[in-house]
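# Chain and residue survey
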Amino acid sequence: EKAEAKAAKGGSKKARKEARAASGQPKKPPTGYWLYLKENREAIEKEAGTKKLTLVASLAGKKWRAMSDAQKKPFEDKAARAKAEYQKAMEEWKKNGGGQEDGD
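Because the structure is a prediction, the values reported are computed rather than measured.

So, how was this worked out
- Residues numbered from 1 in each chain as written.
- Predicted model: local features only at pLDDT ≥ 70, side-chain atom pairs only at ≥ 80, totals over all residues.
- Heavy atoms only, no water.
- Core = buried A, V, L, I, M, F, W, Y, C linked by side-chain atoms within 4.5 Å.
- Buried < 20%, exposed > 50% of the residue type's maximum accessible area, 1.4 Å probe, protein only.
- Helix = DSSP H or I, 4+ residues; strand = E, 2+ residues; numbered from the N terminus.
- Patch = residues over 30% accessible without salt bridge, like charges linked within 9 Å, V, L, I, M, F, W, Y side chains within 5 Å.
- Areas by Shrake-Rupley, 256 points an atom, 1.4 Å probe, with all protein chains shown as cover.
- Salt bridge = Lys/Arg side-chain N within 4 Å of Asp/Glu carboxyl O.
- Lys, Arg positive; Asp, Glu negative; His and termini not counted.
- Charge placed at Lys NZ, Arg CZ, Asp CG, Glu CD.
- Axes fitted to C-alpha atoms, helices over the stretch in contact; angles between N-to-C directions.
- Left-handed = near helix turned anticlockwise from the far one by under 90°.
- Contact = heavy atoms within 4.5 Å.
- Nonpolar A, V, L, I, M, F, W, Y, C, P; charged D, E, K, R; others polar.

## What to know about the nonpolar core
Membership of the largest hydrophobic core is limited to 11 residues, which are Tyr33, Leu35, Tyr36, Leu37, Ile44, Val56, Ala60, Trp64, Met67, Phe75 and Ala79. Taken together, the elements giving at least two residues each to this core come down to helix H3 (32–48), helix H4 (53–66) and helix H5 (69–95). Sort the elements by how many residues they give to this core and H3 lands first, with five residues.

Spelled out as structure tokens, the structure:
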């Protein structure tokens, strides 16, 4: 049943990801939190004493929520710039026929 539902949904997650990449569709930009995590993952892993995703993400989330707006600002500014670039690229992609379904 699950396999049928997955097939009806458009195939595997990997296949959908590959199809999106092949279409040239711009990749969604990271949020401020993801930029923070990328920059601080190594230090958070050391603090957590493990590289387990669940523990690292949990600790990073707690640290992110505890940060002041001023501390978050550099990451959120980078995310806003990346989002603006993504929106421009997405408009260009759509203008050039991206996302059009082929009429089999």
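From this point, things continue past the structure.
## Thoughts on a positive patch on the surface
A surface patch of positive charge is lined by Lys13, Lys17, Arg20, Lys27 and Lys28. Residue position: Lys27 is located in the loop between helix H2 (13–23) and H3.

## Focus on the packing of H3 against H5
At their nearest, the axes of H3 and H5 sit 8 Å apart, and the two run at 120° to each other. At the point where H3 passes H5, the crossing takes the right-handed sense. Between H3, through Gly32, Leu35, Tyr36, Glu39 and Asn40, and H5, the contact on the second element is made entirely by Phe75, Glu76, Lys78 and Ala79. Its residues assigned to classes, the contact of H3 with H5 comprises four nonpolar, two polar and three charged.

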